[in-house]
Amino acid sequence: MAGTSKRSMSPHSSQSSSPRTSSCEMFGYVGIEAVLDQLKIKAMKTGFEFNIMVVGRSGLGKSTMVNTLFKSKVWKSSPVNKLGPLPQTLQLQSVTHTIEEKGVKLKLTVTDTPGFGDQINNDKCWDPILNYINDQYEHYLQEEVLITRQHHIPDTRVHICVYFVPPTGHCLRPLDIEFLKRLCRVVNVVPVIARADSLTLEEREAFRWQIQEDLKKNGIFVYPQKCFDEDTDDKALNDKIREKIPFAVVGADREHTVNGKCVLGRKTKWGIIEVENMAHCEFPLLRDLLIRSHMQDLKDITHNVHYENYRVHRLNESHLLTKGAGWVTLSPPSRRTTPGRCQSLRWSQEDLENGS
Amino acid sequence: MTSSDVARHTVYQALGGIKTCSTSQAGKEEKTDDIPRCLTINGHVGFESLPDQLVNRSIQQGFCFNILCVGETGIGKSTLIDTLFNTNFDDFESSHFHPNVRLKAQMYELQESSVRLKLTVVNTVGFGDQINKEESYQPIVDYIDAQFEAYLQEELKIKRSLFNYHDSRIHACLYFISPTGHSLKTLDLLTMKSLDSKVNIIPVIAKADTISKTELQKFKIKLMSELVSNGVQIYQFPTDDETTSQINSSMNGHLPFAVVGSMEEVKLGNKMVKARQYPWGIVQVENENHCDFVKLREMLICTNMEDLREQTHTRHYELYRRCKLEEMGFKDVSPENKPVSLQEAYEIKRHEFYGERQRKEEEMKQMFVHRVKEKEAIMKEAERELQAKFEHLKRLHQEERMKLEEKRRCLEEEIIAFTKKKAASDLLQNQSLNASGQCEERKGS
């Protein structure tokens, strides 16, 4: 397999990534390709980590959705006793599991937020969540900044936050908008329409359109963010996804028999809603996005953009020498015309004004 | 299968931001007792494509690999690299008369099917040529440290972009040993000893076609025992992964590889092979009976390139970073055994630095003013001199002029005198002419 090699003379250049080139021939096979296999073997040996957070009012089917996504009982029992009184304050609970599929080991951490949006006064209910997310960044930063570092820093940073929108059919509520505004700046957010089996297909489309308008109007960038598209292929793929966000999903962890096949679904008096049937709900799209095609991308954006933003923010706060309660206060993103401190490195001013 | 229910729950309470953790979410203590529960999944989830996603991202980013070749001039470094990567990198023969050792880095972009590799080859120019070789290995150590330093600086920046940083740290060092057949030279030993904690050293016996098979065996054994007895840590191919452990451990037994490099092709049978042709035979580069070149290529590129890069990053770079940060005065644990915040350390350093800078600024300002004054004085001098010259010239000029005036006056007087004389002589001539004319008339009549 003859390849081509280009040559450039560039002494000691450690920062340049675009050398001058001129071509010369590489005769025959060398074996550089084998590095891909080496990479794979190493990755499979160390295993992967993925942290997902689900946010939404209680009763929207978050735990069921997580169980459906990973096809297992992630939550052994419901994290909060559903029959008891609702918690007075917002509590975050996370659970970690190791799952394996075809030799690939994945350490999955799911963080649930029971009590979100359940109180009478929900002011600042996003603060514990923001604090939790920033806590994880802080842990990672502390590990990274040590003199004697570990080989592999355990990654507990939240890679994706799935926000469950109740299926009112109208538009995003003020709570949703406030929360999404704040969160999309620190973490990848994907909104989904929960319990979509209560909406007809037309209602779904109208709701979806309305939500997209609301997101645009308020300058909320959900994953996949337009500004991180690397090339035209990416853009085309992500545009298709962006058209369909928010996905209308239904979660189910019981199996029923339909036409002789065993499918996951919800059985009601008027029919069985098949979770994995694209005609019924858009769960497969969500699953494909989160797991099958964009998992690595989610981790990359968290590491290269959100974590770096946090780090810049933190290292610039040289007047805060010791950690105390409330040491990170993220100012709420208003309709700014100039990028503030919390802005992403790569988000330009136009993006802010145009929305995602 | 789950043995015991060791699912971890972490509860954060929102009241006033106080955290109460039942078990810590992330931290060192969890590693030993909190093992995440193994979950069985009933069905196809789909994250088996994760390694492929990772590989795709790496392909997009491209790979980079940096090799350092250390060896005497003319030992065959460039030829071997050419042969390894099957291309003509077009390097010139270097002279033997360099006053000191220099490192020359050249960057190439190779592509094989979908893999793009940015290869940097660093050569030592003039190694082993000097009469006094005491300073020979220092430039090499400095170069390696400089690359680590550049990476460290990038990592310590506040606004950094590590993901598209071109990694220039040396991943592998090929050390070329002369095929004397006896033992390591002192220079080799010293150089390898100073490099072994900074880079992955792979010793190779160069120009192996000058040693016979039996001598080669003895030479290899001698070399390895010398390296071991002097405590030089050369790179051992990793044997912890089942897919590669067998081949790697057998290769470890063949170290150091005896290699022959050549890009010239010789016809053998009905094929063209890379070989060196001698009157007594043909040494084939890719024949395992003739030399270990194929083994080297296997090990360096096909099997362990990723491991070399990882070792460089996790072992050598971390060691450098630790030493450098400790040298700069950062510590993980302060004297009272409390974890020191990096912020404090940064703050202190920053104040010191600002103080220094202020002082330096003052110094430079004063020096500047002083210099300006000096320059002004000099220029004034020059101006004065110039003025004096000008005056002098002016005076000369005046004198010249006056002289010329004099001369002119004289000349004019002469002219007047001359015209007078001329007028007088004319008159005389006329009178004489008239007188002779009358005489003629009188004679005639």
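As a convention, each chain's residues are numbered from 1 in the sequence order in which they are written. By the order in which they are written, chains take letters starting at A while ligands take numbers starting at 1. Local features are withheld for residues below a pLDDT of 70 in this predicted model, meaning they are given only at 70 or higher, and side-chain atom pairs are given and counted only at 80 or more; totals for whole chains, interfaces and linings count all residues. For the side-chain quantities, the full set of heavy atoms in the structure was used; hydrogens and water were omitted.

Draft legend 1. The arrangement of the sheet that holds strand E11 (residues 281-284) of chain B in detail. Residues and elements named next belong to chain B. Two strands are said to pair when DSSP picks up at least two bridges between them. For the purposes of this entry, the term helix denotes a DSSP run of H or I that reaches at least four residues, the term strand denotes a run of E that reaches at least two, and both are numbered from the N terminus. Read from one edge of the open sheet, three strands run E9-E10-E11, paired in antiparallel fashion. Of all strands in the sheet, those bounded by a partner on one side alone are strand E9 (265-268) and E11. Strand-to-strand twist across the sheet, computed as the mean angle between neighbouring axes with direction ignored, equals 65°. Think of each axis as a best-fit line through the C-alpha atoms, taken over the contacting stretch in the case of a helix, with angles from 0 to 180 degrees between the N-to-C directions.

Draft legend 2. Structural view of the pairing of strand E10 (residues 271-278) of chain B. Residues and elements named next belong to chain B. As paired elements, E9 and E10 share four bridges and run antiparallel to each other. Residue pairing across strands places Val-266 opposite Val-273, the latter belonging to E10. Linking E9 back to E10 in an antiparallel pair, the connection comprises two residues, with Gly-269 at a positive phi of about 65°. One ladder, built from four bridges, connects E10 with E11; its direction is antiparallel. Residue pairing across strands places Tyr-278 opposite Gly-281, the latter belonging to E11. Linking E10 back to E11 in an antiparallel pair, the connection comprises two residues.

Draft legend 3. Representation of the environment of Leu175(A) within the structure. On the secondary structure map, Leu175(A) appears in helix H4 (residues 174-183). As for Leu175(A) and Cys125(A), which are separated by 50 residues in sequence, their C-alpha atoms are 9.1 Å apart.

Draft legend 4. Structural detail: the sheet that holds strand E10 (residues 261-268) of chain A. Residues and elements named next belong to chain A. With respect to topology, three strands assemble into an open sheet ordered E9-E10-E11, the strand pairing being antiparallel. Edge positions in the sheet fall to strand E9 (255-258) and strand E11 (271-274), since each of these pairs with one other strand and no more. Recorded for the sheet is a direction-independent mean angle of 65° between the axes of neighbouring strands. As defined by bridge partners, E9 adjoins E10 across four bridges and the pair is classed as antiparallel. In the strand pairing of E10, Val-258 is matched with Lys-261.

Draft legend 5. A look at the packing of helix H4 (residues 138-156) of chain B against helix H5 (residues 186-195) of chain B. All names here are of chain B. Put simply, H4 and H5 touch, their axes get as near as 10 Å, and they point 20° apart. Put simply, H4 runs roughly parallel to H5. The two elements H4 and H5 meet at a crossing, and its hand is right-handed. Of the residues in H5, those touching H4 at Ile-140, Val-141 and Ile-144 are Thr-191, Ser-194 and Leu-195. Within the contact of H4 with H5, the residues separate by chemical class into four nonpolar, two polar and no charged. In this scheme, roughly parallel covers angles under 35 degrees and roughly antiparallel covers those over 145, while 65 to 115 is roughly perpendicular and the rest are oblique. Two helices cross in a left-handed way if the nearer one is turned anticlockwise from the farther one by less than a right angle. They cross in a right-handed way if the turn is clockwise. In this analysis, two residues are considered to be in contact whenever any of their non-hydrogen atoms come within 4.5 Å of each other. Charged residues are taken to be Asp, Glu, Lys and Arg, nonpolar residues to be Ala, Val, Leu, Ile, Met, Phe, Trp, Tyr, Cys and Pro, and polar residues to be all remaining types, Gly included.

Draft legend 6. Main features of the domain arrangement of chain B. Where a domain begins and ends is set by an automatic assignment or by a domain database. Annotation of chain B at the domain level lists domain 1 (54-328) and domain 2 (340-424). Inter-centroid distance (C-alpha atoms) of domain 1 of chain B to domain 2 of chain B is 62 Å.

Draft legend 7. Main features of the packing of aromatic side chains. Put simply, two rings from Phe, Tyr or Trp (the six-membered ring, in Trp's case) pair if the centres are within 6.5 Å, and we call them stacked under 30 degrees between planes, edge-to-face over 60, tilted for the rest. With the rule as written, the count across this model stands at 14 aromatic pairs over all chains. Measuring from centroid to centroid gives 5.6 Å for Tyr235(B) and Phe237(B), while their planes differ by 85°, and the two rings are edge-to-face. As far as burial versus exposure is concerned, Tyr235(B) and Phe237(B) are alike and both buried. Each residue in the set Phe148(B), Tyr151(B), Tyr165(B), Tyr317(B) and Tyr320(B) is aromatic and connected to the rest through ring pairs, giving one cluster. To sit over a ring, a charge needs its Lys NZ or Arg CZ within 6 Å of the ring centre and within 35 degrees of the ring normal. A cation sits over an aromatic face here: Arg157(A) above Tyr140(A), 3.7 Å from the ring centre. One residue, Arg169(B), lies across the ring of Tyr151(B), its end atom 3.7 Å from the ring centre. Summary of the burial criterion: residues with accessible area below 20% of their type's maximum are buried, those above 50% are exposed, and those between are partly exposed, where the area comes from a 1.4 Å probe applied to protein chains only.

Draft legend 8. The arrangement of H5(B) in detail. Of the positions making up H5(B), those classed as buried are Leu187(B), Asp188(B), Leu189(B), Thr191(B), Met192(B) and Leu195(B). Where H5(B) is buried, its residues touch strand E3 (63-70), H4, strand E6 (172-177), strand E7 (201-205) and helix H6 (213-229) of chain B.

Draft legend 9. The UniProt feature "coiled-coil region" (unreviewed entry) in chain B, seen in detail. Here, the residues flagged by UniProt with the feature "coiled-coil region" (unreviewed entry) are residues 365-421 of chain B. Taken end to end, residues 365-421 of chain B is 100% helix and 0% strand, and its first and last C-alpha atoms sit 84 Å apart. UniProt positions are given in the numbering used here, feature names are shortened, and annotations may be inferred rather than shown by experiment.

Draft legend 10. Main features of the packing of helix H2 (residues 62-69) of chain A against helix H7 (residues 283-293) of chain A. Residue and element names in this part refer to chain A. Between H2 and H7, whose axes approach to 11 Å, the crossing angle comes to 65°. Between H2 and H7, the crossing angle belongs to the class labelled roughly perpendicular. Like other packed secondary-structure pairs, H2 and H7 cross with a definite hand, here right-handed. Across the interface between the two elements, Met-65, Thr-68 and Leu-69 of H2 pack against Phe-283, Leu-286, Arg-287, Leu-290 and Ile-291 of H7. Here the residues of the contact of H2 with H7 are counted per class, giving six nonpolar, one polar and one charged.

Draft legend 11. Quick look at the pattern of salt bridges. The term salt bridge refers to a pairing of a side-chain nitrogen on Lys or Arg with a carboxyl oxygen on Asp or Glu at a separation within 4 Å. For the structure shown, the criterion picks out 43 salt bridges over all chains. With its nearest N and O atoms 3.0 Å apart, the salt bridge here joins Asp145(B) to Lys198(B). Remark: Lys198(B) occurs in the loop between H5 and E7 and Asp145(B) occurs in helix H4; sequence separation between them is 53 residues. Note on accessibility: Asp145(B) and Lys198(B) belong to one class, buried. Residue Glu363(B) pairs with Arg359(B) through a salt bridge whose shortest N-O separation is 3.4 Å. With a gap of four residues between them, Glu363(B) and Arg359(B) both fall in helix H10 (residues 342-444), about one helical turn apart. Classification of Arg359(B) as partly exposed rests on a relative accessible area of 45%. Taken together, the shared-partner salt bridges connect Lys71(A), Glu276(A), Arg287(A), Asp288(A) and Arg292(A) into one network.

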